[in-house]
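# Close look at the chain arrangement
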Amino acid sequence: MSYRIRASTPGDEAGIRQVYQAAARQGGGLLRREDEITDAYIRHNLENSLRIGFSLLAETDDGRILGEIHAWPSETRQLGHCLTNLTVAVDPAAQGRGVGRALFGHLIAAARAYPQFRIIELYCREDNQRAIDLYQSLGFVFEGRLKGRVWQGEGQPYLDDLLMALYLTGAA
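Read on for an overview of the structure. Since we're looking at a predicted model, the values are computed, not measured. As a convention, each chain's residues are numbered from 1 in the sequence order in which they are written. With pLDDT at 70 or above as the cut-off, local features in this predicted model cover only qualifying residues; side-chain atom pairs require 80 or more to be listed or tallied, and sums for whole chains, interfaces and linings still use all residues. Heavy atoms throughout the structure, all of them, feed into the side-chain values; hydrogens and water do not.

### Points about the overall build of the protein chain
The helix and strand inventory of the protein chain stands at four helices and seven strands. Helices and strands in the protein chain line up, N terminus first, as β-α-α-β-β-β-α-β-α-β-β. A globule of 172 residues ought to have a C-alpha radius of gyration of about 16 Å, and the protein chain, at 16 Å, matches this closely. Across its three principal directions, the C-alpha atoms of the protein chain cover 45 × 40 × 30 Å. Using a 1.4 Å probe, accessible areas were evaluated by the Shrake-Rupley method; residue-level cover was limited to the displayed protein chains. In the structure as shown, the protein chain presents an accessible area of about 9100 Å², 49% of it carried by carbon and sulfur atoms. Numbering of helices and strands runs from the N terminus; a helix is a DSSP stretch of H or I covering at least four residues, while a strand is a stretch of E covering at least two. With C-alpha atoms as the basis for the radius of gyration, the globule rule is written as 2.2 Å multiplied by the number of residues raised to the power 0.38.

Listed below in structure tokens is the structure:
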């Protein structure tokens, strides 16, 4: 499967929503459920990412969006060096083909081009071992555990949310 990574635009909103809905429908990765992937949610992420952060997508030669990654920093000076609010979603049909790794590679390269960014932060559910393995292979390290933060539904156990970080400059 051939694809390219490019910067997202406001015109990509519908295609990004389709990828997020498919990933949420599959379960196990995104924190939001399919019915929570609304136009307003996608627009909020896209607007903030384009205004003060990054939004990148993987797109086939015929224009089909396979995945998207976005992140933006806090607008407070004390946390402005942390690129956070990070979410990545890959269409289930394209998973396992390097799309997520390619999106992260481009995001990391983009962040390194801006010296104000020192850290990329993300959260990952404790049961998402495939994602944890990817993040660790990219250099992310565990920073903390938020016990019982993720509600899975009635009668299901609460899961821990793991905080992971990639240090772009210097050591932790």
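Structure's up, so let's keep going.
### Considerations on the packing of helix 3 (residues 99–112) against helix 4 (residues 129–137)
Axes, fitted as lines to C-alpha atoms, cover a helix only where it is in contact. Angles between the N-to-C directions of the axes lie from 0 to 180 degrees. Packing of helix 3 against helix 4 brings their axes to within 11 Å, and their N-to-C directions diverge by 40°. Accordingly, the angle class assigned to the pair helix 3 and helix 4 is oblique. Here helix 3 runs over helix 4; the crossing is right-handed. Here helix 3 contributes Gly100, Arg101 and Phe104 to the contact with helix 4, which in turn contributes Leu134, Tyr135 and Ser137. Angles below 35 degrees are treated as roughly parallel, those above 145 as roughly antiparallel, those between 65 and 115 as roughly perpendicular, and all remaining angles as oblique. Crossing handedness is read from the near helix: turned anticlockwise from the far helix by less than a right angle, it gives a left-handed crossing, and turned clockwise, a right-handed one. By definition, residues are in contact when any of their heavy atoms lie within 4.5 Å.

### Observations regarding empty space enclosed by the protein
Any residue with an atom within 4 Å of a point lines the site, the site being either a cavity, points on a 1 Å grid over the protein atoms alone where a 1.4 Å probe fits but cannot get out, or a pocket, an open set with protein on both sides within 12 Å along at least 5 of 7 lines. Grid points are joined across faces, edges and corners, and a volume is the space filled by probe spheres set on the points. Summed over all chains, the structure comprises one cavity of 30 Å³ or more. If you add up the space inside the largest cavity, you get close to 30 Å³. Lining the largest cavity are Ile16, Tyr20, Ile42, Asn45, Leu46, Glu68 and His70. The set of elements that each furnish at least two residues to the lining of the largest cavity consists of helix 1 (13–26), helix 2 (39–52) and strand 3 (65–73). A total of three residues in the lining of the largest cavity trace back to one element, the largest contributor, which is helix 2.

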